[in-house]
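One letter stands for each residue in the lines below.
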Amino acid sequence: MSRDLVRDKAKRNNIDALIELAVFGVDTRTKAENQRIIREMALDQGISPASIQGLYQAAGKGLYSGVTVPAINIRGITYHVARAVFRSAMKDGVGAFIFEIARSEIGYTAQSPAEYTACVLAAAVKEGFRGPVFIQGDHYQVRRAMYRENPAAELDDIKKLIKDSIEAGFYNIDIDASTVVDISKTDLMEQQAKNSEITSEMTRFIRSIEPKGVTISVGGEIGEIGKGNSTVADLRAFMNVYRRHLGTDIAGISKISVQTGTSHGGVVLPDGSVAQVSIDFNTLKELSRVAREEYGLGGAVQHGASTLPDAAFDMFPQVDTVEVHLATGFQNIIYDSRHFPGDLLTTIHQHLDDKYNQERKTGETEEQFIYNTRKRAFGDFKNELWHLPPSNHRAIMKELENRFSLIFHKLNVLDTGSLIQKYVTVPSVRK
């Protein structure tokens, strides 16, 4: 065995201890130091946080098509779940995939951007991955109530999160100001005005602090997930106001998130199962076409897709959806697995009943309440979930790995490593 292989094996063996300290260290300083060490190890191994901007610019120019990039939200057990993602990707030469976490998830899962990055990079080191790793801030969302109360403070909070995220290696940021779209206005440009203005302000802020040599991929959003479907007229109204405020001297957004019939987490039936929903793929196709042909964007992004039936995933590449966001379905695999320890599950359910009872909606069944609140257990039971009995842990991770492989196949991202090499610039940014 060569000296390099011996050294790499030693690194992979040591990474488990480092990520444990990076996540569960006794104090902030211990965590930060181990997060830094992991990032240095990753860079030394040819693993670098990167922006997917170049790939989406290529899509906007029509240089490739028929590929939908999966953006995977990992709410808990992040190091181990990310390892399953990398194993699935490496089996089939998948290069186009994103790890992401939303603003809300950062809070209830107790994962800072720096910790999240450390988990993903540690997973890449452990699995022997090489190449760019795309980490994304998902739904950096304007909270409607907070914005109404104090607009400047809410936007400052988002800017602070963006700054922390970029420093952690999030070189892909999705701004979601669709929450302030004003549908009481009759004119579409007036409806989208605040959304466009805030998105342009955040774009300029991102450009002002992005690392040298990195053009961060910025996303916008025109349709709040779970609300009415987006239209081409909505897209044009948003983009026209956005471009006017942004100006021509700065790189704009690379993609646009739309609503075509989904909701985050799916629609939960009284028995706790998820209802089948119908996506308007014709609208999604037309929105992607207009986004590319008229504005040079990579295309439209679909949120809330992880609980859709498997057949739906085949359609996303066919209608040139540039990116699809996936979260709750993976959470469901973990909690609903027959390998999840029954005693821990009972404890979690009792905890949710006790701590979050005020979130129970009128007429909601116990099954619906548990389904809607169990995401919070990823933060409240973080240590217990990370340290499941080894046999249970391995079986659940294998189920996830199989699911990731299926999704990669259906979204047509197999053998996209060559696309990444061709269109993505890989920085070497050390903290």
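A word on the nonpolar core. Counting 130 residues, the largest nonpolar core has Ile-19, Leu-55, Phe-99, Ile-162 and Phe-316 as the members making the most contacts within it. In terms of residues, this core owes the most to one element, helix H6 (residues 113-127), which gives nine residues. Every residue in contact with Ile-19, bar those within four places of it in the chain, is listed here: Ile-38, Tyr-79, Ala-118, Cys-119, Ala-122 and Trp-386.

One way to put it is that helix H4 (residues 78-91) packs onto H6 with a least axis distance of 8 Å and a crossing angle of 45°. In this view, H4 runs oblique relative to H6, as classed from their interaxial angle. The hand of the H4/H6 crossing is right-handed. Counted together, Thr-78, Tyr-79, Ala-82, Arg-83, Phe-86, Arg-87 and Met-90 of H4 and Tyr-116, Cys-119, Val-120, Ala-122, Ala-123, Ala-124, Lys-126 and Glu-127 of H6 form the full contact between these two elements.

We now examine empty space enclosed by the protein. Using the criterion set out here, one finds two cavities of 30 Å³ or more in the structure. There is about 70 Å³ of room inside the largest cavity. Contributing to the lining of the largest cavity are Asn-73, Ile-74, Arg-75, Gly-76, Val-81, Ala-327, Phe-330, Gln-331, Ile-334, Phe-378 and Leu-400. It is helix H13 (residues 328-336) that provides the largest number of residues to the lining of the largest cavity, a total of three residues. Within the lining of the largest cavity, the residues separate by chemical class into seven nonpolar, three polar and one charged.

Turning our attention to the pairing of strand S6 (residues 217-221). Within S6, five of the five residues are buried, which leaves the element mostly enclosed by the surrounding structure. Side chains Ser-217, Gly-219 and Glu-221 of S6 all project onto a buried face; the interleaved residues Val-218 and Gly-220 project onto the opposite face, where all are buried too. In this sheet, S6 lies alongside strand S5 (residues 172-176) in parallel orientation, the contact comprising three bridges. Paired with Ile-173 across the bridge in S6 is Val-218. For the handedness criterion, the β-α-β arrangement of S5, helix H9 (residues 188-209) and S6 is classed as right-handed.

With that out of the way, let us pick up the pattern of salt bridges. For the structure on display, the rule yields 30 salt bridges. Note that Asp-249 is salt-bridged to Arg-204, the shortest N-O span being 2.9 Å. Highlighted residues: Asp-249 in the loop between helix H10 (232-246) and strand S7 (255-258) and Arg-204 in helix H9, separated in sequence by 45 residues. Put simply, Glu-366 and Arg-360 hold a salt bridge, and the shortest N to O gap is 3.0 Å. When salt bridges that share partners are traced, they join Arg-83, Arg-87, Lys-91, Glu-127 and Glu-401 into one network.

Counting through the fold element by element, Arg-75 comes out in the loop between strand S2 (69-73) and H4. Polar contacts involving the side chain of Arg-75 include one to the side chain of Thr-328, which spans 3.4 Å. For Arg-75, the side chain forms a polar contact with the side chain of Gln-331, separated by 2.8 Å. Among all residues touching Arg-75, those that are not within four sequence positions of it are Glu-105, Tyr-108, Thr-109, Gln-111, Ala-327, Thr-328, Gln-331, Lys-375 and Phe-378.

In this section: the pairing of S7. The alternating pattern of S7 places Lys-255 and Ser-257 on one face and Ile-256 and Val-258 on the opposite face, and all of these are buried. For S6 and S7, the ladder comprises three bridges, and the chain directions are parallel. Note that in S7 the partner of Gly-219 across the bridge is Lys-255. Pairing between S7 and strand S8 (residues 300-302): three bridges, direction parallel. Each bridged residue has a counterpart across the sheet, and for Ser-257 the counterpart in S8 is Val-301.

Rules behind the numbers
- Residues numbered from 1 in each chain as written.
- Predicted model: local features only at pLDDT ≥ 70, side-chain atom pairs only at ≥ 80, totals over all residues.
- Heavy atoms only, no water.
- Core = buried A, V, L, I, M, F, W, Y, C linked by side-chain atoms within 4.5 Å.
- Buried < 20%, exposed > 50% of the residue type's maximum accessible area, 1.4 Å probe, protein only.
- Helix = DSSP H or I, 4+ residues; strand = E, 2+ residues; numbered from the N terminus.
- Contact = heavy atoms within 4.5 Å.
- Axes fitted to C-alpha atoms, helices over the stretch in contact; angles between N-to-C directions.
- Parallel < 35°, antiparallel > 145°, perpendicular 65-115°, else oblique.
- Left-handed = near helix turned anticlockwise from the far one by under 90°.
- 1 Å grid on protein atoms, 1.4 Å probe; cavity = no way out; pocket = protein on both sides within 12 Å on 5 of 7 lines; lining within 4 Å.
- Points joined across faces, edges and corners; volume = space filled by probe spheres on them.
- Nonpolar A, V, L, I, M, F, W, Y, C, P; charged D, E, K, R; others polar.
- Pairing = 2+ DSSP bridges.
- Right-handed = clockwise from strand over helix to strand, strands pointing away.
- Salt bridge = Lys/Arg side-chain N within 4 Å of Asp/Glu carboxyl O.
- Polar contact = N/O pair within 3.5 Å; in protein donor to acceptor, adjacent residues only side chain to side chain.

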